[in-house]
Amino acid sequence: MFTKQFNLSKQLLRSILVIYLLLTFIVTIIHLSVDYQYTKNNIQNELKQIAKTFHPALQTALWELNDEQLHSIVDGMMHIPLIYGVQIRGSADELLINRFHKTTTKIENAKYYYQFPIYHQMNENSIYLAKVTIYSDDEAIFERLKVGFLMILLNAIIKTAVLIFLFFVAFRKYLEKPLQDLTNTIVKLRVEATNERKISVDMKYDNELKILQDEFNKLLNKISIEENKRIELLKDINQKLEFEVEKRTEELEHIAITDGLTQLYNRTKMDMELQKLEGIYKRYGRVFSVIMIDIDYFKSVNDTFGHQVGDSVLKQFAKILKENIRNTDFIGRWGGEEFLIVCPETSEENATTLALNLRKQIEETLFEKVGHKTMSVGVAQIKDEIDLDNLISNADKALYFAKENGRNKVVAFSEMIS
């Protein structure tokens, strides 16, 4: 259904109003900047006129050293709204008067000031009496701009309100209503009924929306004609895709549980199988054993012949192990050069016998480029007091014992601890 957040006419109206307000703001700022500069220049000129007005009185008071009259003149100057400070320095640059309306204002921060010297003429000689500085600030400028700014702001508000009203009426009549009807009709099209795919909105004005409606109906007609062809084509494609998906799913399932190098089960798959056997053991008491295998001195193969030869040895090693275990056993690459064989319903003694046979097969095999290799083996059996983690740990301990005692050996965990 057509909703307000997708109302194109309102979005256009908002965009126009935003642009208008932005332009109004920019013009107002420029206007104020010009007025500010103009007012600032006027204030500077007014400061000069004030200086001319008070110059004679200041000259007399300074010449006659009449402090009372001097302070009275300064008081009069301070009553002028434009002036917020007066400073007078004597002929020796000593500070005679330093008066400000704002006691916290510093002279060095003053923006607008006018400075003039005062001389006394005697016998055609000019005697320097003092230097007078009168100060003003931004407050005087803002006070003069305030009325103008309010008029500009009021003018902008009135214009904006009228513009919003006029645009709303125009957009509502010529764009929003017909566009909304057209959009609602398109949304409500019954796509399953080919013969009813037609937009019929009463357009009062022959404009772009009327053309859009006609062209859209032509497009709908073409879509209806082509759709049946695509439906048949999609059926064929779907059948092919289903076949490819099934095929790819099988491949992915195989990849998910298979070690990429040796094509044996990976560790994840081995963990799953071990958990299943542990559950069977706990429920039915069917024992199983594990055989952990490590290739002796495998690191030297990689160091001497390179990892490519090392990978070849791992693949040949895995192939021999897989071909010489029972159909009920399953084998996986446990990590690096380590392999794990899980023997369901097999005691530690029988698993040890299998391990001895495997050790012999490996010992008698000639590996390409590296010659003969051997392996060390640890065997362990599940028991009541042993969980899965302990079982793997026991096999690993037996394997370590075999490696520590000369390698090329098969060690059962129970024999190691007896």
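All values derive from a computational prediction rather than experimental measurement. Residue indices follow the written sequence of each chain, beginning from 1 at its first position. Side-chain atom pairs in this predicted model are given and counted only at pLDDT of 80 or more, local residue features only at pLDDT of at least 70, and totals for whole chains, interfaces and linings cover all residues. Hydrogens and water are ignored here; the side-chain numbers use all heavy atoms of the structure.

1. Thoughts on the overall build of the chain
- Comment: elements are numbered from the N terminus, with helices defined as DSSP H or I runs of at least four residues and strands as E runs of at least two. Helix and strand content of the chain: 10 helices and 11 strands.
- Burial classification: accessible surface area is computed with a 1.4 Å probe over protein chains only, and a residue below 20% of its type maximum counts as buried, one above 50% as exposed, and the rest as partly exposed. Counting only residues that meet the buried cut, the chain has 36% of its 418 residues in that class.

2. Here's the deal with unusual backbone geometry
- One non-glycine residue, Glu124, adopts positive backbone phi at about 65°.
- By the element assignment, Glu124 lies in the loop between strand 3 (112-122) and strand 4 (125-136).

3. Looking at the pairing of strand 7 (residues 338-344)
- Most of strand 7 is tucked away, with 7 of its 7 residues classed as buried.
- Residues of strand 7 alternate between two faces, with Glu338, Leu340, Val342 and Pro344 on one and Phe339, Ile341 and Cys343 on the opposite face, all of them buried.
- Bridge analysis of strand 5 (residues 288-295) against strand 7 gives 7 bridges, and the strand direction is antiparallel. Across the sheet, residue Ser289 finds its bridge partner in strand 7, namely Cys343.
- DSSP calls a pair of strands paired once it identifies at least 2 bridges connecting them. Inspection of the sheet shows strand 6 (residues 330-335) paired to strand 7 by 5 bridges, in the antiparallel sense. Counterpart to Gly332 in the pairing with strand 7 is Leu340.

4. A few points about helix 5 (residues 267-284)
- Look at helix 5: 25 Å from first C-alpha to last across 18 residues, which is about the 26 Å you get at 1.5 Å a residue.
- Taken together, the buried positions of helix 5 are occupied by Lys269, Met270, Glu273, Leu274, Leu277, Glu278 and Tyr281.
- Positive phi appears at Gly285, one or two residues downstream of helix 5, with a value of about 75°. Under the convention used throughout, the expected extent of a helix is 1.5 Å for every residue step, that is, one less than its residue count.

5. Description of a nonpolar patch on the surface
- Nonpolar side chains collect at one region of the surface, where Ile19, Leu22, Leu23, Phe25, Ile26, Ile29, Ile30 and Val34 lie side by side and expose about 770 Å² of accessible area between them.
- Examined against the element boundaries, Leu22 turns out to sit in helix 1 (residues 8-63). Within the patch definition used here, like charges are joined within 9 Å and nonpolar side chains (Val, Leu, Ile, Met, Phe, Trp, Tyr) within 5 Å, considering only residues with over 30% relative accessible area and no salt bridge. Here the Shrake-Rupley method, with its probe set to 1.4 Å, supplies the accessible areas, and only the displayed protein chains count as covering residues. A side-chain nitrogen of Lys or Arg and a carboxyl oxygen of Asp or Glu constitute a salt bridge if their distance falls within 4 Å.

6. A word on the confidence of the model for the chain
- For every residue, the pLDDT score states the predictor's confidence, bounded by 0 at the bottom and 100 at the top. Averaged over every residue, the pLDDT of the chain is 84; residues scoring 70 or more account for 83%.
- By definition in these notes, contact holds between two residues if any of their heavy atoms fall within 4.5 Å. Scored below 50 in pLDDT, residues 1-5 makes 8 contacts in the model with residues more than four places away or belonging to other chains.

7. Topic: the sheet that holds strand 3
- The strand order across the open sheet formed by 4 strands is 2-1-4-3, and the pairing between neighbours is antiparallel. On the outer flanks of this sheet lie strand 2 (95-100) and strand 3, each paired with one strand and no other. When strand polarity is set aside, the average angle formed by the axes of neighbouring strands in this sheet is 15°.
- The angle between two axes is taken between their N-to-C directions and runs from 0 to 180 degrees, where each axis is a line fitted to C-alpha atoms and a helix contributes only its stretch in contact. On the sheet, helix 2 (residues 67-78) packs against strand 1 (85-90), strand 2 and strand 4 and is oriented at approximately 25° with respect to strand 2.

8. A few points about the sheet that holds strand 6
- With respect to topology, 5 strands assemble into an open sheet ordered 6-7-5-10-11, the strand pairing being mixed. The open sheet has two free edges, formed respectively by strand 6 and strand 11 (410-412), since each of these has just one partner strand. Each adjacent strand pair in this sheet contributes to an overall mean axis angle of 20°, direction not counted.
- One ladder, built from 3 bridges, connects strand 10 (residues 375-381) with strand 11; its direction is parallel. In the strand pairing of strand 11, Gly378 is matched with Val411.
- Contacting strand 5, strand 6 and strand 7, helix 5 runs over the sheet at an angle of about 125° to strand 6.

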